[in-house]
Amino acid sequence: MILIDPPAVERWDRAWSHLASDESFEELHAFARRVGVPDRGFDRDHYDVPSEWYADMLAAGAKPVSSRELVTRLRRAGLRRPKAAESA
């Protein structure tokens, strides 16, 4: 399932959401391509999506979840890739 959390991360004078899949990276990348999210938005286990795209992601089928639920579901699916894992 494609998940999106509310736009809450402030960076570069914008608020950002995280778009993720609790099924597979293939599902996530296919959804991102279909809705026009650029490849450069992918960060380890999610895409960063600007707040002005949030409604479009919901309309395209992403399920709104809290940030905490998004991370929990990624962990449960074995798809969470925290930054610390890259440097280990």
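Residues numbered from 1 in each chain as written. Predicted model: local features only at pLDDT ≥ 70, side-chain atom pairs only at ≥ 80, totals over all residues. Heavy atoms only, no water.

I would appreciate a short explanation of the environment of Thr 72 in the present structure.
On the secondary structure map, Thr 72 appears in helix α3 (residues 67–77). Between the alpha carbons of Thr 72 and Asp 22 there is a distance of 9.4 Å; along the sequence they are 50 residues apart. (Helix = DSSP H or I, 4+ residues; strand = E, 2+ residues; numbered from the N terminus.)

It is not clear to me how the side chain of Ser 21 should be interpreted in this structure. Could you clarify?
Mapped onto the fold, Ser 21 is located in strand β3 (residues 14–21). Engagement of the side chain of Ser 21 in a polar contact is seen with the backbone nitrogen of Glu 23, the distance being 2.9 Å. Beyond its immediate sequence surroundings of up to four residues, Ser 21 is in contact with Met 1, Ile 2, Glu 27, Leu 28, Leu 74 and Leu 79. (Polar contact = N/O pair within 3.5 Å; in protein donor to acceptor, adjacent residues only side chain to side chain. Contact = heavy atoms within 4.5 Å.)

It is not clear to me how the pairing of strand β5 (residues 46–50) should be interpreted in this structure. Could you clarify?
Burial analysis of β5 places four of its five residues in the buried class, which makes it a mostly covered element. The pairing of β3 with β5 spans four bridges and is antiparallel. Note that in β5 the partner of Trp 16 across the bridge is Pro 50. (Buried < 20%, exposed > 50% of the residue type's maximum accessible area, 1.4 Å probe, protein only. Pairing = 2+ DSSP bridges.)

Can you walk me through the pairing of β3 in this structure?
Two faces make up the sheet, and in a regular strand the side chains alternate between them. With seven of eight residues buried, β3 is to be regarded as a mostly interior element. Of the pairings in the sheet, the one linking strand β1 (residues 2–4) to β3 comprises three bridges and is antiparallel in character. By the bridge assignment for β3, Ile 4 is matched with Leu 19. Where strand β2 (residues 9–11) lies against β3, three bridges are found, and the strand directions are antiparallel. Bridge assignment links Glu 10 to a residue of β3, and that residue is Ala 15. Linking two consecutive strands that pair antiparallel, namely β2 and β3, is a turn of two residues; a positive phi of about 55° is found at Trp 12 within it.

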